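Each chain, letter by letter, is given below.
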Amino acid sequence: MTDAKGLDPEDSKLITLARASRARNATAEGAAVRDETGRTYVAATVELPSLRLSALQAAVAAAVSGEASALEAAVVVTDATELTEDDRAVADDLKTQMVIIAAPDGVPASITRR
């Protein structure tokens, strides 16, 4: 596992926000993203009969709705150890500079800088 101590405080804040979203909504994942202007968007997994979004997809949708065109960072809190192909694609769509996958306890499992 990767140590969170080397993270910028703003990146650690994203982990905290994603964990809180996951816990508050009792969902499989929580995500938080920061756009190119420093605005933060938080979301949890969406599972409706007619709509299914991963937490990252939902957070990116909120960011795009807020006129974001790029992401400085994205965090996904999940039991998984890597992003799905769809989540990688949505991170790439917004030229995400850093993607952190963190365990439910907030410890980063991976940090990818682009």
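Structural notes, computed from the coordinates. As the structure is a computational prediction, the values presented were derived from the model and not from experiment.

1. Remarks on helix H2 (residues 55-65)
Along H2, the positions that sit buried rather than exposed are Ala55, Leu56, Ala58, Ala59, Val60 and Ala63. The elements touched by buried residues of H2 are strand S1 (30-35), strand S2 (40-44), strand S3 (46-47), strand S4 (52-53), strand S5 (71-77) and helix H3 (85-93). Of the residues flanking the end of H2, it is glutamate 67, one or two places downstream, whose phi is positive at about 75°.

2. Structural notes on the pattern of salt bridges
According to the stated counting rule, one finds 7 salt bridges in the structure shown. Two residues, aspartate 11 and arginine 34, come together in a salt bridge whose shortest N-O distance is 2.8 Å. Residue aspartate 11 is found in helix H1 (residues 9-25), and its partner arginine 34 is found in strand S1; the two are separated by 23 residues along the sequence. Taking the relative accessible area as the measure of exposure, aspartate 11 reaches 7% and is therefore buried.

3. Notes on the side chain of serine 21
For serine 21, the location among the structural elements is in helix H1. Setting aside anything within four residues of it in sequence, one finds serine 21 in contact with Val42, Ala43 and Ala44.

4. Quick look at H1
Residues that lie three or four places apart on an α-helix share one face, since the helix turns once every 3.6 residues. With 17 residues, H1 extends 24 Å from end C-alpha to end C-alpha; this agrees with the ideal 24 Å at 1.5 Å per step. Every buried residue of H1 is accounted for by Asp11, Leu14, Ile15, Ala18, Ser21 and Arg22. Burial along H1 is one-sided: seen end-on, the buried residues are contained in an arc of 130°. Opposite the packed face of H1, turned more than 90 degrees from it, sit the exposed residues Pro9, Thr16, Ala23 and Arg24. On the buried face of H1, the contacting elements are S1, S2, S5, strand S6 (98-102) and strand S7 (108-113). The backbone nitrogen of glutamate 10 has a side-chain oxygen 2.6 Å away, supplied by the residue at the start of H1, namely aspartate 8. Phi for alanine 26, located one or two positions after H1, is positive at around 50°.

Rules used throughout
- Residues numbered from 1 in each chain as written.
- Predicted model: local features only at pLDDT ≥ 70, side-chain atom pairs only at ≥ 80, totals over all residues.
- Heavy atoms only, no water.
- Buried < 20%, exposed > 50% of the residue type's maximum accessible area, 1.4 Å probe, protein only.
- Helix = DSSP H or I, 4+ residues; strand = E, 2+ residues; numbered from the N terminus.
- Contact = heavy atoms within 4.5 Å.
- Salt bridge = Lys/Arg side-chain N within 4 Å of Asp/Glu carboxyl O.
- Expected span 1.5 Å × (residues − 1).
- Arc of directions from axis to C-beta.
- Polar contact = N/O pair within 3.5 Å; in protein donor to acceptor, adjacent residues only side chain to side chain.

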